[in-house]
Amino acid sequence: MATVREIAALLDGDVVGDADRVITGIGKIEEASAQDISFLSNPKYEKFLGETKAGAVLVSRALDLTKHAALPPAVIQVADPYASFVVLIGTFQPAVKQLDAGIHPTAVIHPSAVIGEGASIGAYAVIGEGCTIGRNTMIFPLVVIGNFCRIGDECTLYPHSSVREQCVLGSRVILQPGAVIGSDGFGFAPLRSGAYQKIPQLGIVVLEDDVEIQANSCVDRAVMGETRIKRGTKIDNLVQIAHNITVGEDTVIAACTGIAGSTKIGSKVMIGGQVAIAGHISIADGTKLGAGTGVIKSITEENKAYWGRPAKEFMRAKRVEAATSQLPELLSRVNTLEKKIAELEQSKSDK
Amino acid sequence: MATVREIAALLDGDVVGDADRVITGIGKIEEASAQDISFLSNPKYEKFLGETKAGAVLVSRALDLTKHAALPPAVIQVADPYASFVVLIGTFQPAVKQLDAGIHPTAVIHPSAVIGEGASIGAYAVIGEGCTIGRNTMIFPLVVIGNFCRIGDECTLYPHSSVREQCVLGSRVILQPGAVIGSDGFGFAPLRSGAYQKIPQLGIVVLEDDVEIQANSCVDRAVMGETRIKRGTKIDNLVQIAHNITVGEDTVIAACTGIAGSTKIGSKVMIGGQVAIAGHISIADGTKLGAGTGVIKSITEENKAYWGRPAKEFMRAKRVEAATSQLPELLSRVNTLEKKIAELEQSKSDK
Amino acid sequence: MATVREIAALLDGDVVGDADRVITGIGKIEEASAQDISFLSNPKYEKFLGETKAGAVLVSRALDLTKHAALPPAVIQVADPYASFVVLIGTFQPAVKQLDAGIHPTAVIHPSAVIGEGASIGAYAVIGEGCTIGRNTMIFPLVVIGNFCRIGDECTLYPHSSVREQCVLGSRVILQPGAVIGSDGFGFAPLRSGAYQKIPQLGIVVLEDDVEIQANSCVDRAVMGETRIKRGTKIDNLVQIAHNITVGEDTVIAACTGIAGSTKIGSKVMIGGQVAIAGHISIADGTKLGAGTGVIKSITEENKAYWGRPAKEFMRAKRVEAATSQLPELLSRVNTLEKKIAELEQSKSDK
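Because the structure is a prediction, the values reported are computed rather than measured. (Residues numbered from 1 in each chain as written. Chains lettered and ligands numbered in written order. Predicted model: local features only at pLDDT ≥ 70, side-chain atom pairs only at ≥ 80, totals over all residues.)

(A) Expanded view of the pairing of strand E7 (residues 74–78) of chain B. Residues and elements named next belong to chain B. Of all 5 residues in E7, 4 are buried; the element is thus mostly enclosed. Inspection of the sheet shows strand E2 (residues 14–17) paired to E7 by 4 bridges, in the antiparallel sense. Counted as the bridge partner of Gly17 is Ala74 from E7. The pairing of strand E6 (residues 56–60) with E7 spans 5 bridges and is parallel. Bridge pairing in E7 links Val57 to Val75. (Buried ≥ 20, exposed ≤ 12 C-beta atoms within 10 Å, placed from the backbone. Helix = DSSP H or I, 4+ residues; strand = E, 2+ residues; numbered from the N terminus. Pairing = 2+ DSSP bridges.)

In structure tokens form, the structure reads like this:
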């Protein structure tokens, strides 16, 4: 149960209509009742906006409400009505219980570790010497936290995720299953024999507040200093973050992407799937990289979109791609031109 | 010990010759005895077909037996003689024991979980509330199965594989080490501040009968509803299957491939390594995608082959690739043409 | 505390100056004292070579010492001064303790397993029947070693790494968290129905001495025989090594790379990130593959560099790439040429 005003605040939305209306449930726009909230995402359903019995409807900010003669008692304008609706569902009907409260008797916790109030720790989790675990943090079964780590409040560490020694997680950090934080970077010094000598990886990883690292992704520790993922950044499955990388705030990185060592990624960057980014470069704030892009030099101008291998400005990449697709025909045209020129030259010399 | 007929049935083969012959062992074609079965895969060994002492030989259906005057007592025609021979080895000499029968005393199994007859559960496996585990299923050490999951009969879940809450596995499903089933999808709603709000991932994953998910691959749960991998589909290592994807029956997906959310992959599709497939599209039954292909729009015609980034019909992709490789020379040719044209124009204007 | 001579031996360096000088600490070149060793990596700091108070300085072999009038008491020439300096730090100040000595009481070790002197085994590690674990090897919490494995001396197996049955690791092998050794290869025989029959994976994996497999990478066991990674080879995170591959000595493979089955990679090969290599081919010793390269046929000539998809000789690939980037302009130029030719032909026919 919540007022329209409270729901709008949760969803970062704006209310048009009765902000004090009390909502008790959720429903489809064609079925919802006067106490329900619904959503309008597909333009095909737009006519329902005037017909629905719902007490409130989530709509896109892009929707022009002035075109609708009849509106429900309350409308909440949001960026993405479907996403906001799913957020609401998760609030109205919390997910199934995943982890029992308290500390499972089989968890091996070093006596020096400090466990925050309300933290839950699952079966066979292992927490090392000198660790601190924040309040209400959930550590699932079979998680390993190495010595001298600091884990913040309200974090969720799913099964088989691991954090190696000395790494630091802020609050509300989520590690999906199999995520690896603080593994050694790929650093080796070549010897004259051609063999490699391992370079000790003495640094750490810092994941700031509200970072999520999804399944089987890896964030390597720094050679010295830190690998740092800043506040609010979200990283999808099977992503590689090499040593000494910095990723800014509110950046999103889709699955199967790899970023090489010491690179700096800005804030509010959007990186598509299977992108590859070279080491020792920097990517400006607000950059957008299409899926499969390969970046081999720094991007310094902010808020621009790139695509292709190597990366080109987006519209340029589309033109190059279009031209490449026509290459077999271009070859034929050049063949024809060469024949015609030869004829013209022949006819000239014949004179 | 088995008859040729029984072996042919196991291997989906056709018998030419004595189907009742009893086979007791296996051997190389140049060494096998009259009770052995052998195989002929490399054409260089074809002459042995008339010389071998083997009681039976596996040959390719593509081999023209009428060209061979002498044949062994029994020949079994199969699609891939080497693969069939290895299947036979596995039958004649079962692999080394990997997991002790029964339930290891250290396994933590919720009292409400129902464990099928003959199931084996290894050390430090954790099985959640309300789970059902089918008959003869093998759960290896350190596997985690979340609350309310249903696992079918004769499944094999290798060490460190995990299944998050409420997911469903059919029978004979295999999870290789580190496979992650039911991790959260990459779903976030952008707020006006630029920060992201996590969209609860309320759906599940269903893996139907005979699906295999190999090492460290990930199948994300749906936002709502299901991510579903249908009967018989095989997924190699380090593959990303995002939320709300459906993959059809008997599809194979090679390593390092990533498929984005809500895409529908058909049946009998063959996907090479390191392929990337965009979200919200569909791929028709029987499609073949060469290694490294990038698919950005739906493929609607069945049984066609594609390659390249972005994907092009296979022969077209080969022609584009061939033309691209000649581009430096094409540039030179166009430079030459421009000079010649300039000369011709000059000579025309000189007149 | 060590002499300059001892330090040079550790770092594979050559001494210029006082090899008997005793060094007790490390420091930055502008701050180091007479008992310290420092390093010079950035050319901008070169002037400090004549000014530093350091007792010894690590410099690049590429640096021309004859250009410097004043030198510190000892100079050690190495390939990579920064890397060597980090190696030294790791020697002077050993890393934080990660694993307690001895065998944790919760480790489940089969009675038939033989554990070498000085080996440490962490909480909830599981070691199978018939295994041998070498001297001073460190097995971290939650590692699983299947039946009949042989693990050499002084290995480090980090949390959640696993080795399936019968596989063999040499000495000083390192597995980072989540590394999977010995998972089944992707081998299936197609049946006439279109379904796939699993081909038993009966072979093993051998990792020779000094191999390192980093986080969440996978090395599949052979169908029959071995998948083998030879001495000193280093493999980064999220790399796929398929069944029956052989990788030579002192090869380095960067993150997100996938290599398909039965391929032979030579020694001293350098493979960049997100490379894809087809199955059943071979790559000559000393080959260099740039990031993102796709190799579809064997490389037989040694010590050459390649790039692109498909792979081309490096300088050729750069030229093709440069030409591709100019394609939209090339199209325009050909359009112009066609118009001019048409005019010339017209003017000719007008005569």
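That covers the picture; the talk isn't over yet.
(B) Main features of helix H2 (residues 81–92) of chain A. Its 12 residues give H2(A) an end-to-end C-alpha distance of 16 Å, which sits within 8% of 16 Å, the value for a rise of 1.5 Å per residue. The complete set of buried residues in H2(A) reads A:Pro81, A:Ala83, A:Ser84, A:Phe85, A:Val86, A:Val87 and A:Leu88. (Expected span 1.5 Å × (residues − 1).)

(C) Summary view of the relation of the copies chain C and chain A. When chain C is fitted to chain A, the residual RMSD is 0.1 Å, and the transformation amounts to a turn of 120 degrees plus an axial shift of 0.0 Å. The two molecules are tied by a three-fold rotation axis, judged by turn and shift. (Least-squares fit on C-alpha atoms with pLDDT ≥ 70 in both.)

(D) How the structure looks around the packing of helix H3 (residues 314–325) of chain A against helix H4 (residues 327–350) of chain C. Running from N to C, H3(A) and H4(C) cross one another at 55 degrees; their axes reach a closest spacing of 8 Å. Taken together, the axis directions place H3(A) and H4(C) in an arrangement best described as oblique. For the pair formed by H3(A) and H4(C), the contact residues are A:Arg319, A:Val320, A:Ala323 and A:Thr324 on the first element and C:Leu327, C:Pro328 and C:Leu331 on the second. Classifying every residue of the contact of H3(A) with H4(C) gives 5 nonpolar, 1 polar and 1 charged. (Axes fitted to C-alpha atoms, helices over the stretch in contact; angles between N-to-C directions. Parallel < 35°, antiparallel > 145°, perpendicular 65-115°, else oblique. Contact = placed C-beta atoms within 7 Å. Nonpolar A, V, L, I, M, F, W, Y, C, P; charged D, E, K, R; others polar.)

(E) Broad picture of the interface of chain B and chain A. Contact with chain B, which involves 56 residues of that partner, is made by 53 residues of chain A. Those elements that provide at least two residues to the side of chain B that touches chain A are strand E20 (180–183), strand E21 (188–190), strand E22 (196–198), strand E25 (218–220), helix H3 (314–325) and helix H4 (327–350) of chain B. The biggest single contributor to the side of chain B that touches chain A is H4(B), with 8 residues. Split by residue class, the side of chain B that touches chain A holds 32 nonpolar, 15 polar and 9 charged.

(F) Up close: the interface of chain C and chain A. On the side of chain A, 56 residues touch chain C, which itself brings 53 residues to the contact. When residues of the side of chain C that touches chain A are traced back to their parent elements, those giving at least two are helix H2 (81–92), helix H3 (314–325) and H4 of chain C. With 10 residues, the single largest contributor to the side of chain C that touches chain A is H4(C). Residue composition of the side of chain C that touches chain A, grouped by class: 27 nonpolar, 16 polar and 10 charged.

(G) Main features of the relation of the copies chain B and chain A. For these two chains of identical sequence, chain B goes onto chain A by a turn of 120 degrees and a shift of 0.0 Å along the axis, with RMSD 0.1 Å. The overlap is low: 20% of the interface residues of chain B also sit at the interface in chain A, so different surfaces are used on the two sides.

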